[in-house]
Every structure is written in structure tokens, then in C-alpha cells.
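Chains, contacts and geometry: an overview
The lines below spell out each chain.
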Amino acid sequence: MLLIPRKSFDAIGISLWNFRYLGARGMMLAVMLAALMSSLTSIFNSSSTIFTIDIWLRIRKNASPREQMVVGRWVAGAGLGLGT
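Every residue gets a number counted from 1 within its own chain, in the order that chain's sequence is written. Restriction of local features to residues with pLDDT of at least 70 applies here, the model being predicted, together with a cutoff of 80 or more for giving and counting side-chain atom pairs; totals for whole chains, interfaces and linings are based on all residues. Side-chain calculation: all heavy atoms of the structure are included, whereas hydrogens and water are not.

Strands here mean DSSP runs of E at least two residues long; helices mean DSSP runs of H or I at least four residues long; both are numbered from the N terminus. Expected span, for any helix, means 1.5 Å times one less than how many residues it has. End to end, helix α3 (residues 65-83) covers 27 Å across 19 residues, agreeing with the expected 27 Å (1.5 Å per residue, within 8%). Any two residues whose heavy atoms approach within 4.5 Å are treated as being in contact. Looking at the buried side of α3, the elements it contacts are α2 (22-59).

Salt bridges are defined by distance alone: a side-chain nitrogen of Lys or Arg within 4 Å of a carboxyl oxygen of Asp or Glu. Under the defined criterion, the tally for this structure stands at one salt bridge. For R60, the salt bridge goes to E67, with nearest N and O atoms at 2.6 Å. We classify R60 as partly exposed; its relative accessible area is 41%. When accessible area is computed with a 1.4 Å probe and restricted to protein chains, residues below 20% of their type maximum are described as buried, those above 50% as exposed, and intermediate ones as partly exposed.

Every residue carries a pLDDT, the predictor's confidence in it, which falls somewhere between 0 and 100. Within the protein chain, residue pLDDT values average 84, and 82% of them lie at 70 or more. Across the protein chain, element-level confidence peaks in α3 with a mean pLDDT of 93 and bottoms out in helix α1 (residues 11-18) with 70.

To continue, consider α2. Here α2 spans 54 Å end to end across 38 residues, near enough to the 56 Å set by a 1.5 Å rise per residue. What is called the bend at a residue is the angle between a pair of axes, fitted to the seven residues leading up to and ending at it and to the seven starting from it. Within α2, the axis deviates most sharply at T52, by approximately 35°.

Surface patches are drawn from residues lacking salt bridges whose relative accessible area is over 30%; two like charges belong together within 9 Å, two nonpolar side chains (Val, Leu, Ile, Met, Phe, Trp, Tyr) within 5 Å. Where accessible areas are quoted, they stem from the Shrake-Rupley method and a 1.4 Å probe; at the residue level, only the protein chains shown are allowed to cover. There is a patch of nonpolar side chains on the surface, built from L29, L33, L36, L40 and I43 and spanning about 440 Å² of accessible area. On the secondary structure map, L29 appears in helix α2.

Relative to the helices and strands, T52 resides in helix α2. Throughout this description, a polar contact denotes any pair of N or O atoms lying within 3.5 Å of each other; where both atoms belong to protein, one of them has to be capable of donating a hydrogen while the other can accept it, and for residues adjacent in sequence the pair is counted only when both atoms sit in side chains. Engagement of the side chain of T52 in a polar contact is seen with the backbone oxygen of S48, the distance being 2.7 Å. For T52, the residues in contact, after removing those within four places along its chain, are L57, Q68, V71 and G72.

The geometry of α2 relative to α3 is characterised by a closest axis approach of 8 Å and an angle of 130° between their N-to-C directions. Relative to α3, the element α2 is oriented oblique. Taken as a pair, α2 and α3 cross one another with a handedness that is right-handed. Between α2, through F44, S47, S48, F51, T52, I53, W56 and L57, and α3, the contact on the second element is made entirely by E67, Q68, V71, G72, V75, A76, G79 and L80. When residues are grouped by polarity, Ala, Val, Leu, Ile, Met, Phe, Trp, Tyr, Cys and Pro land in nonpolar, Asp, Glu, Lys and Arg in charged, and all others, Gly among them, in polar. Among the residues making up the contact of α2 with α3, the classes are represented as nine nonpolar, six polar and one charged. Only C-alpha atoms enter the line fits that serve as axes; for helices the fit covers just the stretch in contact. Angles between N-to-C directions range over 0 to 180 degrees. Between 65 and 115 degrees an angle is taken as roughly perpendicular, under 35 as roughly parallel, over 145 as roughly antiparallel, and anywhere else as oblique. Helix crossings get a hand from a simple test, with the near helix turned counterclockwise from the far one by less than a right angle marking a left-handed crossing and a clockwise turn marking a right-handed one.

Structure follows, in C-alpha cells:
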């Protein structure tokens, strides 16, 4: 049974349903989840870098690289906590 999407947001679900083989569905789902995880990782990484370089180094001018790394990890964790 071939389904045709009525709205643009139905296209991904319909395209997954139209795959005949279960392995192809699983592979497509894995690809979409990997793309989502990659996008979220880049957002967290860039936001923690921006905070650490632009804000934290103005507060603590002599911050060591280790301190900057710890602050960046805390900011990424806070962003993850606020995002969920």
C-alpha cells in the first residue's frame, strides 16, 4: 500500500512507511536520529564555547584551560537540562 503525504510534515513518516524492507526502515530511522544527535551536539558545543570565551573570560581573566573546559562542560550540561 503506497501512502501519499497530505501535508509537508507527513513526508518523513510516510517515506519511512513506504520502505518495503524492515532493514531499510531501520537504517533510515538510524540515519535521521544520527542527524538529529549531530545537530544537537553542535548546538551544545557552540553555546558552551561562546559562553566560555565571551563571558567567562571577562569574569575571570586568568582562567586556566582546565577551568575553561570545566565551565564549558557545565554550560553544556545546563543547556541540556534547560532544553528538556
